[in-house]
Amino acid sequence: MNKIKVALTAHTENFSICKEVVPKLIKFFDNLEKETGIEVRVSWMLEQDDMRPYNCEIRSKQDGRGIEQGGKFFREIIASRKDEIGLHIHFTRGWRFDPSPENQERLIKSAYEKFLDVFEFEPKSFVGGWWYSDSNTIKILESLNFKTDASPVPLYKERRIKWLFGKIPTPFKITTCNWEECKERKPYHPSYRNPCIKGNAKILYVPNSVNPTAKSFSAENFLSLDRLKYDFEGCIKIFKEFVDGNFKFICIPFHPHSINDVNLVKKFLEICNNYSKIYFTTLGELA
Ligand SMILES: [Zn+2]
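Everything numeric in this text was worked out from a predicted model, so none of it was measured. (Residues numbered from 1 in each chain as written. Predicted model: local features only at pLDDT ≥ 70, side-chain atom pairs only at ≥ 80, totals over all residues.)

*Asks:* Quick question: what am I supposed to make of the overall build of the protein here?
*Replies:* Within the protein, the secondary structure is distributed over nine helices and twelve strands. For the protein, the spread of C-alpha atoms along the principal axes amounts to about 50 × 40 × 35 Å. In the protein, which comprises 287 residues, the proportion classed as buried is 39%. For the protein, contacts bridging at least 24 residues in sequence account for 72% of all contacts bridging at least 6. (Helix = DSSP H or I, 4+ residues; strand = E, 2+ residues; numbered from the N terminus. Buried ≥ 20, exposed ≤ 12 C-beta atoms within 10 Å, placed from the backbone. Contact = placed C-beta atoms within 7 Å.)

Next up, the structure:
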């Protein structure tokens, strides 16, 4: 039987919105392993950035940033499981989207320092908020010894984000990175000049699960665990397309706080595992 390696990447966002769900998920993964033998590994990508405007009512009710608030919790997780923790950074300055090299450097370096301070080892993996990563991101990440970046979303066309948290109209222009030219479905070393194509960068780009047969990006072509609750069959279909296309690897992202039914995740993993034996990896292990 075919085998396929799976990287689950959890975009934790503000830790306060997932601090209840993450322990439940961990317990669920531990039980799943006992019941089915499927050893789930997760790369928990902790958010650390400016995305908490203190005058914003919704956010001010939630405490803290990923690393500061989630640090103790995640230290215990990685001590007891073979999971990974990495960084998830939205390139903003307060409210404003600002992917300038200076601002990227400021955010990545301060998150890196905070991470080192709390966990006492270096983060190795990164995923950009709104999937943003560019030539400057690569250079900054490499200077800090990062090994992987799971930001690419093949074929995804640059677009304006109009709502923050699905609720607040953005007062500033926020665009996602332009991955329209990226056709890669396997991890690759990008070109410094154009990260959408292969090149000589040391960092390993890990593309997310866009259906390998898709010619353009659409939500229906993108597999994330968030989607299980409203399109379970669509998710299975994309997984099968990867296996049928003889791909040996798939990176599946999710938001922990979007998982409201762990049984759906269990059913999904069981169906996938029957179709092609799955085994898990973390992003860091790929490099
Ligand atoms: Zn995010």
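*Asks:* I keep staring at the packing of helix α5 (residues 101-119) against helix α6 (residues 135-143) and nothing clicks. Help me out?
*Replies:* Working note: a packed helix pair is described by the angle between its axes plus the distance between those axes. Across the interface, α5 lies against α6 with an axial gap of 10 Å and an inter-helix angle of 35°. Regarding α5 and α6, the two cross each other, and that crossing is right-handed. Facing α5, whose interface residues are P101, Q104, E105 and I108, α6 presents N136, T137, I140 and L141. A class-by-class count of the residues in the contact of α5 with α6 yields four nonpolar, three polar and one charged. (Axes fitted to C-alpha atoms, helices over the stretch in contact; angles between N-to-C directions. Left-handed = near helix turned anticlockwise from the far one by under 90°. Nonpolar A, V, L, I, M, F, W, Y, C, P; charged D, E, K, R; others polar.)

*Asks:* Is there a simple way to think about unusual backbone geometry in this case?
*Replies:* Generally, phi is negative for residues other than glycine and the peptide bonds are trans, each holding for most cases. Unlike most non-glycine residues, E120 shows phi in positive territory, near 60°. For E120, the location among the structural elements is in the loop between α5 and β6 (125-128). In this structure, W130 is a non-glycine residue whose phi angle is positive, near 55°. Within the secondary structure, W130 is located in the loop between β6 and α6. Overall, the presence of 18 C-beta atoms within 10 Å leaves W130 in the partly exposed class.

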